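The primary structure of each chain is shown beneath.
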Amino acid sequence: MLRWAIIFFIIALVAALLGFGGIAGTSMEIAKFVAIIAVILFVVSLVFGGLRGRGPR
């Protein structure tokens, strides 16, 4: 999921360099949204992984 955020960020940079402001802004918003979702899912997986713990060996 973080890969998609990086891809949209690169699209936004290229669009900004070429002068396409609307596309650049939209791509940055999508990149921020995807990055935030990725961080939230990472934190949730850390919490559930910590709560579950390891079983006896």
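The structure presented is a predicted model; accordingly, all values stated were derived computationally and were not measured.

Colleague: For this particular structure, what's the right way to read the pattern of salt bridges?
Modeller: Proximity of charged atoms lets side chains of opposite charge pair with each other. Counting across every chain of the model gives one salt bridge. Between Glu-29 and Lys-32 there is a salt bridge whose closest N-O contact spans 3.5 Å. Of this pair, Glu-29 and Lys-32 are both found in helix α2 (residues 21–52), three residues apart, which corresponds to roughly one turn of the helix.

Colleague: What's the story with the environment of Leu-13 in this structure? I'm lost.
Modeller: By secondary structure assignment, the location of Leu-13 is in helix α1 (residues 2–18). As a C-alpha pair, Leu-13 and Ile-37 span 24 residues in sequence and 21 Å in three-dimensional space.

Colleague: Would you take a moment to explain the side chain of Ser-27 for this structure?
Modeller: Considering the arrangement of structural elements, one finds Ser-27 in helix α2. By relative accessible area, which is 7% here, Ser-27 ends up buried. With residues near it in sequence (within four places) discarded, Ser-27 still touches Phe-8, Ile-11 and Ala-12.

Cut-offs applied
Residues numbered from 1 in each chain as written. Predicted model: local features only at pLDDT ≥ 70, side-chain atom pairs only at ≥ 80, totals over all residues. Heavy atoms only, no water. Salt bridge = Lys/Arg side-chain N within 4 Å of Asp/Glu carboxyl O. Helix = DSSP H or I, 4+ residues; strand = E, 2+ residues; numbered from the N terminus. Buried < 20%, exposed > 50% of the residue type's maximum accessible area, 1.4 Å probe, protein only. Contact = heavy atoms within 4.5 Å.

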